[in-house]
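If you want the building blocks of each chain, they are given just below.
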Amino acid sequence: MISGTAPLPATGRGLSPLRADYRRLLDLCPALRVTLLGEGEPAPTRAQGWYSAAELAADPAALDAALAGEAARIAPLAAEHGTAPRPHVAASRLLHHYLWSVSLLIAGPWRLARRVPAIDGADLWLHAATGDLVLRPRTHVTLPGDDELRAELRTAVVASVEPLLAAFAGPTRRGTRALWGMVTDDLASAIWHLGQMLDAAGEGAGFEAGAGGDTIDGTVDGAGAGGEAGAVAAAGAVLPGGTQPLLGAADFRVLHGPDGRGHHTRTRLGCCLYYAIRPDNACITCPRTSDEERLQRL
């Protein structure tokens, strides 16, 4: 049954290679709140609070419902920290959640199996009350060359998120350049996060395909070439700079603590406004967070 407050049940029949990639990705990344929908399963409905990405991009009433859901979700945490986020903060948080999730849904199969999915806005739904997502996987692209596959990855991400950016420009109070900066940040973060999760699962050293969250930096020492270290290199290769409309580069660097250990980090091109909810705990990759504070928190 389709629930108005929980993801749809996933089908286990006839796993395609892409669906198998997604099952592995969801096992590795529990923060990715996505349920897979089978080809023959009915789509979730607006009556139960689900809105497709295409509806969010084209229908102001659908976007308003999603924004209201995000505002309600962040209100209790904000109240605990004495803040009352304004509407543009809720809009920025919802867009960040969506961009990070979509980036991981596209970059995950690329990193795991050299498959770049195409995600149409009509095949991805967001639940207004919970922020959970439902995806109906369809097609993917495979190419022999690494550079060509990276270009395909960028193209797929841009094609998937571009329709929503215009809709979010007003609610987030951000211009085109700032919005594409968010996409760049979330794509780099998604690739990084998967590498961290592979290391956490003990799979980093054996991960060889191809060339995450915002608040965790990883330790360089002992990281497998295919885990976080490999993901950092992969993100740098996907986002070297000069790949319009994606802005800037992944631009990872290593910070060394007093014990000599190194930690990967990067500074976001823009701010996701989490500090407006918790002023005492800005994201560790936030432009507001100094390298000294990052090392102290690590």
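What you see as residue numbers is a count from 1 along each chain, following the sequence as written. Thresholds applied to this predicted model are a pLDDT of at least 70 for local features of residues and 80 or more for the giving and counting of side-chain atom pairs; totals over whole chains, interfaces and linings are not thresholded and use all residues. With hydrogens and water stripped out, all remaining heavy atoms of the structure feed into the side-chain values.

Draft legend 1. Geometry of the packing of aromatic side chains. A pair of aromatic rings is counted whenever rings of Phe, Tyr or Trp (Trp by its six-membered ring) have centres within 6.5 Å, and the orientation is called stacked for planes under 30 degrees apart, edge-to-face for over 60 and tilted otherwise. Applying the stated criterion across every chain, the model contains one aromatic pair. The aromatic ring of F252 is capped on one face by R266, whose charged end is 6.0 Å from the ring centroid. Our definition puts a charge over a ring when NZ of Lys or CZ of Arg is within 6 Å of the ring centre and also within 35 degrees of the ring normal.

Draft legend 2. Representation of the pattern of salt bridges. Only one rule defines a salt bridge in this text: a Lys or Arg side-chain nitrogen within 4 Å of an Asp or Glu carboxyl oxygen. In this structure the tally under the stated criterion is 13 salt bridges. A salt bridge links E39 to R138; its shortest N-O distance comes to 2.9 Å. Taken together, the residues span a long stretch of sequence, with E39 in the loop between β1 (34–36) and β2 (50–52) and R138 in the loop between β5 (133–135) and β6 (139–141) at a distance of 99 residues. Burial status follows relative accessibility: with a 1.4 Å probe on protein chains alone, a residue under 20% of its type maximum counts as buried, one over 50% as exposed, and anything between as partly exposed. Overall, R138 belongs to the partly exposed group, its relative accessible area being 42%. For D146, the salt bridge goes to R114, with nearest N and O atoms at 2.7 Å. Pair noted here: D146 is in helix α5 (residues 146–172) and R114 is in the loop between α4 (87–113) and β3 (116–118), with a separation of 32 residues, a long-range link. A relative accessible area of 33% places D146 in the partly exposed class. Note on R114: relative accessible area 23%, which makes it partly exposed. What you see here is one network of salt bridges that share partners, running through D185, D186, R266 and R268. Strands here mean DSSP runs of E at least two residues long; helices mean DSSP runs of H or I at least four residues long; both are numbered from the N terminus.

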